[in-house]
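One letter stands for each residue in the lines below.
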Amino acid sequence: MQIISLKTNANGLQAQTEIDGQRQGTELDLPFDRQASLATNLKPLAKLCGAETAAIVVENPLHYEASDTIVEAAGQRFDLGLQLMDMLNVPVLSRSALNQAGLHGAVVRKQNYASWHLDYFGMSRGKRNLGQEAMLTVGNGFIGLRGAYVESHADDNNYPGMYVAGVYNQTTTPVAGRDVTNEDLVNMPNAQYLSFSLDDGPTFAADQQSVRDVYRSLDLRTGQLTTSMVVQLADGRQMRVRSFKAADMQQWHRFAIRYELTPLNFSGELTVHAGIDGSVINGNVDRYQQFDQHHLDQLTFSADGNLGLVRGQTRTSHVQFAIGTKLTQTGSDLRHVVENQIGSDRLDQLVHLDAQQGVPYTFEKSVAVYTSLETPTQPLVDMVRRDLMRCSYNVAFSHSADYFRNVWAECDIKIDGDMNSQKLTRVNMFHIMVSSHALGSGKIDASLGARGLHGEAYRGHVFWDEMFILPFLSTHYPRLVREMLKYRYRRLPAARKAAKADGKRGAMFPWQSGMYGDEQAQLVHLNPITQQWDPDNSHLQRHVSLAVAYNVWYYCHVTGDQQFMEDYGLEVLLATAQFWLSMCAQDDDGTYHIRGVMGPDEFHEAYPGSDKLGLDDNAYTNIMVAWLFKILKQEIKVAKPLTVSQLDDKLGIGGSDFKKMVAVAQHLSLPMQDGIIGQFAGYFDLDRINLSHYKKQYGDVSRLDRILKAEGRTPDSYQVAKQADALMAFFILSRRDVSGIIKQLGYDFKPTDVAKNIKFYLERTTHGSTLSRVVYAALCARNGDEKTAWRLFQEALASDYIDIQGGTTAEGIHLGVMAATLTIETRVFGGFDPRGDRVTLRPMLPKQWQKLSFKQRVRGVGYQVTVTPGEVEIRTDHDVAVMMGGKEIDLIAGARKVLPILY
């Protein structure tokens, strides 16, 4: 087997190829350019590392407990293993690990570790560190804790945010001559804070000047975040600092931190600082800073021995909250030792002790959080105190580890032959559960925000991203999805009010939803290039109502939960259909049109030179409206007559409405030209734009709209798209269903036209939204373009990990794309499609993978699927029939069925 041996020196690296232990050729010198990035300096190794390379071996790493591949070269200290595994997707080992376990054993061990851990070495700054904080977030669906250093306060490099699901607040700020009201997911008081000081010196703050080394590791198997650092103070004293953080996945009002301090080269007075900082604001997103970001009010701090407490409420939404902390030390009783310092906006708790060199001192901080939203009838302070008496780090960690053990047993997607894809798949799945778990309790009136509980971008609002997240959750955690859909159901009155205010019937769900379900999309948007406030008309994306309807149908279809459809879902479908009926206008020729809307492509808000907002006959919207009317007819047939009658009376829907639905579903206008679906009416009249020209000039053109506006032009004038729009329906519906709808509308659409459309729109799309890549990855894969599909899938899979948008991960992860990559893996690569009357199998395993395994539960049947090159193995826990290659395949419960892949 071939390996590449690496040695570091003062100038860079030396590389040597080995085959079966025998060195091949001469050593290759790889000097570092000290002015270049580490990635640039390591790039030449890609030429040495081929498909036959089993591992890269580091000959002279530094001695570290956290990692055995940390090196020092050309004046830099870095984890060579982390860097190279990300770049080359090959295990990186130390020579000692190889000698101890043998090549095979060491490779397996490293692959296993790498696929279960998200690690960062060294102190980063600015957006890079803020993005790492988002990626290291721990939480339980009620609380989200950014993975900041516990010693940090908010500044340019650190942001220790804490968010509670459903807690929003509105503020009003005068901007550009108007009062602008924004609703934000509130950054709650920082209860994570822990630090230390020596003698009478300053309190330690995590910064590059004093931190010699730091390693952060998120264990995906248990949900524990570990931070290990060596601190060297100005006077030469050194301290080893380790912190462990876990959110309780069972008692979801709680989290805990373990803090361990070890003096390495001194003895002396050590003071531990714990606190609750109430001076926090929502400061995570730079472009929001001109708005009022102060959301907390009436803060009251108190302390009782080692217990700390802050009570308060949000300024305008008046959500009351109580946050309590308990500080303990292993082997000591701190109840009468803690020095409490209470200020107007913070509580500080100090513990003084005489520390001895080499002795570790371990403290724990347990935290409980309650609000009046999920706990409306009980005294919040009493609930906090009760929880603190029962909380400890061991309990929180044990509950987290138990929960994730079950998650991986039921939901894990296993990939052989691709270490990085395996890791990032689990990272994405982890963050879905961190953002959602507690919602399944039914006690939290919230849904999943597009950025999870990880940051403040999009102000924590709920978008159409739910549509990309629910497919994964529906086949694993249907109760959780049920509660997310009930969040929308409870906001039907607000959606009806919005429709009525717009002169329409039925329910018009908002593009951005928060606490109440009213429209929270901004009216103005800051262009970071021009620093000018531009109008923001994204609220015209009425298609979000179609996403809500689709989510209801998908959940009920996949789970078989007909009771939910009867109790909640059918009303949502009918109210949404009623709205779209009122949006349809008929011309003299009998054709129906939907005017004044926006599609998913936010580059186009209006026609060039027009004062009228919105576009006519957005193709995605019209196709989905026709789908809605078709699916509603089917659901009414199977619903109880009494339910339908009661809803007809409640909503004021009559027979004429149902007749009009049939007519619209057959005569709704769809822009078409030579087999190409026009994104909207008039799209083909717009000018082409030379994307390659802009790429040469600007590099990143994902937000070409901002570039064009900075040039005094508008994207409304050009055939260019931010993301998938005209072809979106082909992602959420089957190709057969979309083609059938197009033909039902009276248009000729050949099977070969799909490829023409994909090519047409790929040439015009900048992928300014991460969701665009998953859509086109799926379309290209099904169209046989494996190379493009793989590239787009890989970009989507790693989009937050490598921060593909240049800083946006700092403001929160992109939950929609994270979940959508899992759908690509199971539905496209695994070929498991539950959208039809029967599960359909059509696997197409990427050549980069050796095996793909996963589980799904569809309409009460559990499936285990394993795909290898050329065949698929499937087991079920019930007798059931599936479709494959147009044929019906009978499966016997518990029996193993192996089927050849013939296409």
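Residues numbered from 1 in each chain as written. Predicted model: local features only at pLDDT ≥ 70, side-chain atom pairs only at ≥ 80, totals over all residues. Heavy atoms only, no water.

### Side note on the overall build of the protein chain
Logical step 1: If you tally the helices and strands in the protein chain, you get 24 helices and 39 strands.
Logical step 2: Here the protein chain has a C-alpha radius of gyration of 28 Å; the compact-globule value for 903 residues is 29 Å, and the two agree.
Logical step 3: Oriented by its inertia axes, the alpha-carbon framework of the protein chain measures out at about 90 × 70 × 65 Å.
Logical step 4: In the protein chain, of all internal contacts separated by at least 6 residues, the share reaching a separation of at least 24 is 67%.
Logical step 5: In the form shown here, the protein chain has an accessible surface area of approximately 34,100 Å², with 48% of it arising from carbon and sulfur atoms.
Logical step 6: Charged side chains in the protein chain number 93 positive and 102 negative. The centres of these two groups are separated by 4 Å. (Helix = DSSP H or I, 4+ residues; strand = E, 2+ residues; numbered from the N terminus. Rg over C-alpha atoms; globule rule 2.2 N^0.38 Å. Contact = heavy atoms within 4.5 Å. Areas by Shrake-Rupley, 256 points an atom, 1.4 Å probe, with all protein chains shown as cover. Lys, Arg positive; Asp, Glu negative; His and termini not counted. Charge placed at Lys NZ, Arg CZ, Asp CG, Glu CD.)

### What about the pairing of strand β17 (residues 254-263)?
Logical step 1: Most of β17 is tucked away: nine of the ten residues are buried.
Logical step 2: The pairing of strand β16 (residues 238-247) with β17 spans nine bridges and is antiparallel. Note that in β17 the partner of valine 241 across the bridge is leucine 261.
Logical step 3: Hairpin connection from β16 to β17: six residues lie between these consecutive antiparallel strands.
Logical step 4: Where β17 lies against strand β24 (residues 361-371), eight bridges are found, and the strand directions are antiparallel. What sits directly across from glutamate 260, in β24, is threonine 362. (Buried < 20%, exposed > 50% of the residue type's maximum accessible area, 1.4 Å probe, protein only. Pairing = 2+ DSSP bridges.)

### Topic: the sheet that holds strand β4 (residues 53-58)
Logical step 1: The strand order across the open sheet built from five strands is β3-β2-β1-β4-β7, with neighbouring strands paired in mixed fashion. Of all the strands in the sheet, the pair left with one neighbour each is β3 (22-31) and β7 (92-94). Looking at each pair of strands side by side, their axes are set apart by 25° on average, direction ignored.
Logical step 2: Looking at chain direction, strand β2 (residues 12-19) and β3 are connected through seven bridges and run antiparallel. What sits directly across from glycine 12, in β3, is proline 31. (Axes fitted to C-alpha atoms, helices over the stretch in contact; angles between N-to-C directions.)

### Quick look at the sheet that holds strand β25 (residues 414-416)
Logical step 1: If you walk across this open sheet you meet the five strands as β25-β34-β35-β36-β39, and the pairing is antiparallel. The strands lining the two open edges of the sheet, one partner per strand, are β25 and β39 (897-900). Pairwise comparison of adjacent strand axes, ignoring direction, gives a mean angle of 20° for this sheet.
Logical step 2: As judged from the six bridges shared by strand β35 (residues 861-868) and strand β36 (residues 871-876), these two strands associate in the antiparallel manner. Looking at the pairing, glutamine 864 lines up with arginine 875 of β36.

### Some remarks on the packing of aromatic side chains
Logical step 1: Applying the stated criterion across every chain, the model contains 43 aromatic pairs.
Logical step 2: Judged by centre distance (4.9 Å) and plane angle (20°), the ring pair of phenylalanine 404 and phenylalanine 430 falls under stacked. Here phenylalanine 404 is found in helix α7 (residues 393-411), whereas its partner phenylalanine 430 is found in helix α8 (residues 419-436), with 26 residues between them in sequence. Across the pair, phenylalanine 430 and phenylalanine 404 agree in class, each one buried. (Phe/Tyr/Trp six-rings, centres within 6.5 Å; stacked < 30°, edge-to-face > 60°.)

### A word on the pattern of salt bridges
Logical step 1: This structure, assessed with the given rule, holds 54 salt bridges.
Logical step 2: A salt bridge links glutamate 72 to arginine 77, with the nearest nitrogen and oxygen atoms 3.8 Å apart.
Logical step 3: By relative accessible area, arginine 77 is classed as partly exposed at 33%.
Logical step 4: Across the pair arginine 875 and glutamate 873 runs a salt bridge whose closest N-O atoms are separated by 3.5 Å.
Logical step 5: Overall, the relative accessible area of 31% leaves arginine 875 in the partly exposed class.
Logical step 6: Taken together, the shared-partner salt bridges connect Lys7, Glu18, Arg23, Glu27, Glu59 and Arg95 into one network. (Salt bridge = Lys/Arg side-chain N within 4 Å of Asp/Glu carboxyl O.)

### Section: the nonpolar core
Logical step 1: Membership of the largest hydrophobic core comes to 236 residues, with the highest contact counts inside it found for Phe196, Trp464, Leu473, Leu628, Phe629, Met728 and Tyr863.
Logical step 2: Apart from the residues lying within four places of it in its own chain, the contact partners of phenylalanine 196 are Pro202, Thr203, Phe204, Val231, Met239, Val241, Tyr259, Leu261, Leu270, Thr271, Val272 and His273.
Logical step 3: With 24 residues, the next largest nonpolar core counts Ile4, Ala15, Leu45 and Met85 among its residues. (Core = buried A, V, L, I, M, F, W, Y, C linked by side-chain atoms within 4.5 Å.)

### Focus on the environment of tyrosine 163
Logical step 1: The topology assignment puts tyrosine 163 in strand β11 (residues 162-175).
Logical step 2: With relative accessibility at 0%, the residue tyrosine 163 sits in the buried group.
Logical step 3: Note: C-alpha distance between tyrosine 163 and glutamine 16 (147 residues apart in sequence) is 50 Å.
Logical step 4: Setting aside residues up to four positions removed in sequence, tyrosine 163 forms contacts with Phe142, Ile143, Gly144, Arg146, Leu185, Val186, Asn187, Asn284, Leu453, His454, Gly455 and Glu456.
Logical step 5: Polar contacts involving the side chain of tyrosine 163 include one to the side chain of glutamate 456, which spans 2.9 Å. (Polar contact = N/O pair within 3.5 Å; in protein donor to acceptor, adjacent residues only side chain to side chain.)

### Looking at unusual backbone geometry
Logical step 1: Positioned with a positive phi, aspartate 20 is a non-glycine residue whose angle comes to about 50°.
Logical step 2: Among the secondary structure elements, aspartate 20 is positioned in the loop between β2 and β3.

### Some points on the side chain of asparagine 187
Logical step 1: The topology assignment puts asparagine 187 in strand β12 (residues 178-187).
Logical step 2: Within the structure, the side chain of asparagine 187 is placed 3.0 Å from the backbone oxygen of isoleucine 281, a separation counted as a polar contact.

### Comments concerning the side chain of glutamine 192
Logical step 1: Within the secondary structure, glutamine 192 sits in the loop between β12 and β13 (194-198).
Logical step 2: On the accessibility criterion, glutamine 192 (1% relative accessible area) is buried.

### Here we look at helix α10 (residues 478-490)
Logical step 1: Under the 1.5 Å per step criterion, the end-to-end length of α10 is 18 Å for 13 residues, consistent within 8% with the ideal 18 Å.
Logical step 2: Where α10 is concerned, the buried positions are Leu480, Val481, Glu483, Met484, Leu485, Lys486, Tyr487, Arg488 and Tyr489.
Logical step 3: Check the buried side of α10 and you find it contacts α8, α9 (466-474), α11 (492-501), α12 (544-559), α13 (562-583) and α15 (641-651). (Expected span 1.5 Å × (residues − 1).)

### Considering the packing of α9 against α10
Logical step 1: Their axes nearest at 8 Å, the elements α9 and α10 cross at an angle of 150°. By the angle class used here, α9 and α10 are roughly antiparallel. Here the hand of the crossing between α9 and α10 comes out left-handed. Seen from α9, the contacting residues are Glu466, Leu470, Leu473 and Ser474; seen from α10, they are Pro478, Leu480, Val481, Met484, Leu485 and Arg488.
Logical step 2: In the contact of α9 with α10, the residues fall into seven nonpolar, one polar and two charged. (Parallel < 35°, antiparallel > 145°, perpendicular 65-115°, else oblique. Left-handed = near helix turned anticlockwise from the far one by under 90°. Nonpolar A, V, L, I, M, F, W, Y, C, P; charged D, E, K, R; others polar.)

### Brief notes about helix α3 (residues 80-88)
Logical step 1: Burial in α3 covers these residues: Leu80, Gly81, Leu82, Leu84, Met85 and Leu88.
Logical step 2: In this structure aspartate 79 caps α3, since a side-chain oxygen of it lies 3.0 Å from the backbone nitrogen of glycine 81.
Logical step 3: One or two positions beyond α3, positive phi appears at asparagine 89, with a value near 60°.

### A closer look at the pairing of β12
Logical step 1: Of all ten residues that make up β12, seven are buried, and the element is covered over most of its length.
Logical step 2: Relative to β12, β11 runs antiparallel, the two sharing nine bridges. The partner of valine 175 across the bridge, within β12, is arginine 178.
Logical step 3: Where β11 hands over to β12, the hairpin turn is made up of two residues, of which alanine 176 adopts a positive phi near 50°.

### Quick word on the packing of helix α14 (residues 619-638) against helix α20 (residues 735-744)
Logical step 1: The geometry of α14 relative to α20 is characterised by a closest axis approach of 10 Å and an angle of 95° between their N-to-C directions. Put simply, α14 runs roughly perpendicular to α20. Residues Ile623, Ala626, Trp627 and Lys630 of α14 touch α20, and the partners they reach there are Val738, Ile741, Ile742 and Gln744.
Logical step 2: Residues that form the contact of α14 with α20 fall into these classes: six nonpolar, one polar and one charged.

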